[in-house]
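Here are the chains, one letter per residue:
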Amino acid sequence: MTRVGIFGWGIVAPRSRNIPTFARNLEEATSWLAPFNGFGRDNFLVGTPAFRLEDYRPWIEERFPPNRFHQLESKMDTNTLYAIGAFIQALEQNPGMEAELQGLGSEAQVHVATGMGPIPMLYGASLDYHYAQDRWNAFWVQRERNPALTAWQDHGQEPEALEGVSGAEGPMPPDPATVPDHDRPLAQVRWNAWWAPRSPDLQVYLQHLADIDALAVESGAVQSAKLNILREKQRRRTRLQKEWGAPDPPWEAVTANVLWNIGNTPAAQISMMGKITGLSYGPAAACSTFSVALKSGMDTIRRGEAKAVVIGACDSAPHPMVVGTFYNARVMVADGDVSMPLSGLKGTHASGGACIWIVGDHDYFTARGYKPVGMEPLSVGVSSDADHIITPSREGPTESILQALRGAGVEASDVGGWDLHATGTPGDHTEIETLRGVIPETVLVTARKGTFGHGMAVAGGWELTAQYLGYERGTVFPTPLTQGELNPEIARLHGRFVFDTGCEAPGGMAGKLSMGVGGVNACVISRPYGREPEGGSG
């Protein structure tokens with residue numbers, strides 16, 4: 001079987017803008033979480049990424065036209081910017097890797113995904129649209145433009161029904177003047193949305209606009225004619241707005257950035273920044289995303305479809321919508337204290353950032369003088385619970401662990417160290433039960449979401465990188481959990497955990513389990529370099 005190595009990696013995480021600071025911070029048994037204050041003075045703790053796009057300006061400006069940096073800054077959501085930064089870092093471990101990836105053509109691919117998506121950008125775009133739609137409706141319900149409303153207000157004349165017109169169907173909403181004060185703003189929005197489509201002036205305006213947009217390229221060179229048509233359309237739209245005195249239509253308020261930040265954008269942007277011409281896509285799998293991306297990359301290499309795959313995951317900085325949805329899913333704590341995995345089982349903490357690895361055909365790259373980093377990933381086992389959207393089963397994770405062990409060609413007794421998914425929720429107890437159903441009591445266990453929180457897609461990448469960095473040095477980094485904080489019910493199930501002091505890395509293989517929303521499980525089995533079997537094959 002083709003061996004796979006890691007030939008570059010990059011990190012954006014709370015308090016950690018790159019791999020060196022990430023490693024230094026791991027040496028301290030502290031939490032990197034900080035107050036959110038997204039709702040004012042609140043009780044939520046989150047992991048806010050340490051990141052400045054400006055740090056990457058020299059690299060970008062050396063390779064692209066002067067406007068590229070501004071385009072990234074103005075058009076990309078933070079999750080994609082974090083992924084770009086981590087990718088640029090990943091090129092630094094092995095000089096010449098950038099040119100190597102470009103030279104491989106379609107034999108270099110990008111498999112990078114996001115978890116929650118571009119929430120901050122979508123939220124801002126939604127607000128812009130909402131306010132534009134409000135202004136628009138308020139304009140067309142004015143009495144001089146809406147005789148149907150005037151007739152109803154002055155004479156009680158019922159308006160005609162409008163079939164197939166969004167917002168205009170159904171019964172008339174209550175008059176805002178008749179509802180309690182605290183409900184009046186929303187009532188006004190609904191009122192205007194129902195009456196605006198009944199304005200005959202609006203229908204005339206829309207017909208004029210349709211006539212403008214009907215202009216088409218009919219003769220002449222296509223590109224030059226296209227530009228001329230675009231300029232003429234804009235000139236006529238400007239004149240139309242001036243004639244009517246109308247606000248800009250709400251669709252004009254919807255930024256094109258919504259299109260530029262779809263699910264495959266992080267992968268696509270990495271392909272563009274690195275000039276990587278092979279397949280780029282996003283294998284999203286919630287909290288198991290990073291390990292699933294690793295499997296996707298390893299399988300692609302072992303099938304002979306690529307020599308190298310840039311894999312990874314990214315999440316936007318914590319946002320009120322993310323914090324709110326975590327809390328209302330009953331998985332996030334809001335008491336102002338760090339919720340340690342394996343302790344009080346109160347909940348988790350949302351985080352953002354990125355983790356990018358360059359994985360490649362081990363023999364191909366080492367023959368060219370490139371040096372692998374971390375550990376050697378042997379296999380990734382995957383499964384689905386097919387049961388519950390958030391509560392983990394025992395059967396699904398067990399299958400992914402057994403699958404990973406088989407794929408690595410090792411026994412459960414060969415595993416010396418293990419990193420948990422452990423979110424600080426009651427699922428931690430189930431996860432330890434599941435682990436001990438397969439792995440012996442001798443395994444040394446870590447849980448790190450008390451350190452950097454829970455990035456929906458990226459946390460598994462941080463955890464694997466922490467595990468690999470430690471084993472590379474022959475150590476296991478400490479965690480913020482003290483022995484006295486260990487939940488007694490969990491202590492009854494297993495006795496060997498890494499607390500607030502580091503220790504020597506155990507012998508044997510290392511395992512890492514991730515369990516995603518929707519019941520997606522992924523287990524990674526790895527070995528330290530220097531423990532290869534005779535002949536050097538996996």
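Before any of the text, the structure's been laid out above.
Calculation rules
Residues numbered from 1 in each chain as written. Predicted model: local features only at pLDDT ≥ 70, side-chain atom pairs only at ≥ 80, totals over all residues. Heavy atoms only, no water. Pairing = 2+ DSSP bridges. Helix = DSSP H or I, 4+ residues; strand = E, 2+ residues; numbered from the N terminus. Axes fitted to C-alpha atoms, helices over the stretch in contact; angles between N-to-C directions. Contact = heavy atoms within 4.5 Å. Salt bridge = Lys/Arg side-chain N within 4 Å of Asp/Glu carboxyl O. Buried < 20%, exposed > 50% of the residue type's maximum accessible area, 1.4 Å probe, protein only. Phe/Tyr/Trp six-rings, centres within 6.5 Å; stacked < 30°, edge-to-face > 60°. Patch = residues over 30% accessible without salt bridge, like charges linked within 9 Å, V, L, I, M, F, W, Y side chains within 5 Å. Areas by Shrake-Rupley, 256 points an atom, 1.4 Å probe, with all protein chains shown as cover. Core = buried A, V, L, I, M, F, W, Y, C linked by side-chain atoms within 4.5 Å.

**Thoughts on the sheet that holds strand β8 (residues 375-384)**
The strand order across the open sheet formed by five strands is β8-β14-β13-β9-β10, and the pairing between neighbours is mixed. The sheet is open, and its two edges are formed by β8 and β10 (444-446), each paired on a single side. Here the strands of the sheet are splayed against their neighbours by 20° on average, with no regard to which way each runs. The pairing of β8 with strand β14 (residues 520-528) spans nine bridges and is antiparallel. Across the sheet, the residue bridging to Met375 is Pro528, located in β14. The sheet strands contacting helix α19 (residues 459-472) are β8, β9 (415-419), β13 (509-516) and β14, and the helix crosses β13 at an angle near 170°.

**What about the pattern of salt bridges?**
All told, the structure shown has 24 salt bridges when counted by the stated rule. Here Arg15 makes a salt bridge to Glu28, at a shortest N to O gap of 3.4 Å. In this pair, Arg15 sits in the loop between β1 (4-12) and α1 (19-26) while Glu28 sits in the loop between α1 and β2 (34-35), placing the two residues 13 residues apart along the sequence. Accessibility expressed as a relative area gives 39% for Arg15, which makes it partly exposed. Residue Glu28 is classed as partly exposed on the basis of its relative accessible area, which comes to 40%. Arg406 is the partner of Glu399 in a salt bridge, and the nearest nitrogen-oxygen pair spans 3.5 Å. Where salt bridges share partners, they join Asp419, Lys449, Glu463 and Lys512 into one cluster.

**So, the packing of aromatic side chains**
Each pair of aromatic rings is reported with the distance of its centres and the angle of its planes. Taken as a whole, this structure holds 27 aromatic pairs when the rule is applied. Pairing Phe290 with Trp357 gives two aromatic rings, centres 4.9 Å apart and planes at 85°, and the pair type is edge-to-face. On the criterion of sequence distance, the pair formed by Phe290 in helix α13 (residues 289-302) and Trp357 in strand β7 (residues 353-361) is long-range, its members being 67 residues apart. With centroids separated by 6.4 Å and ring planes inclined at 55°, the aromatic side chains of Phe497 and Phe499 adopt a geometry described as tilted.

**Some words on the sheet that holds strand β5 (residues 280-281)**
The mixed open sheet is built from five strands, whose spatial order is β1-β7-β6-β4-β5. Each edge of the sheet is formed by a strand with only one pairing partner; in this case those strands are β1 and β5. Two strands pair when backbone bridges link them, and strand β6 (residues 308-315) and β7 are joined in this way by eight bridges, in the antiparallel orientation. Bridging across to β7, Cys314 finds its partner in Ala354. Contacting β1, β4 (108-114), β6 and β7, helix α4 (residues 78-90) crosses the sheet at an angle of about 130° to β1.

**Details of unusual backbone geometry**
For Arg15, which is not a glycine, the phi torsion comes out positive at approximately 60°. One non-glycine residue, Ala386, lies in the positive phi region at around 55°. With respect to the secondary-structure elements, Ala386 resides in the loop between β8 and α16 (395-408).

**Describing a nonpolar patch on the surface**
Taken together, the side chains of Leu259, Trp260 and Ile262 present a nonpolar region at the surface, about 300 Å² in accessible area. Take Trp260: it is sitting in helix α11 (residues 257-260).

**Focus on the pairing of β6**
Burial analysis of β6 places eight of its eight residues in the buried class, which makes it a mostly covered element. Bridge count between β4 and β6: seven bridges; the pairing is parallel. Looking across to β6, one finds that Val110 is bridged to Val310.

**Some points on the nonpolar core**
Formed by 45 residues in total, the largest nonpolar core has its most connected members in Phe22, Leu294, Trp357, Val359 and Trp462. For this core, the elements supplying multiple residues, two or more each, are β1, α1, α13, β6, β7, β8, α19 and β14. With 40 residues, the next largest nonpolar core counts Phe69, Ile84, Ala90 and Tyr364 among its residues.

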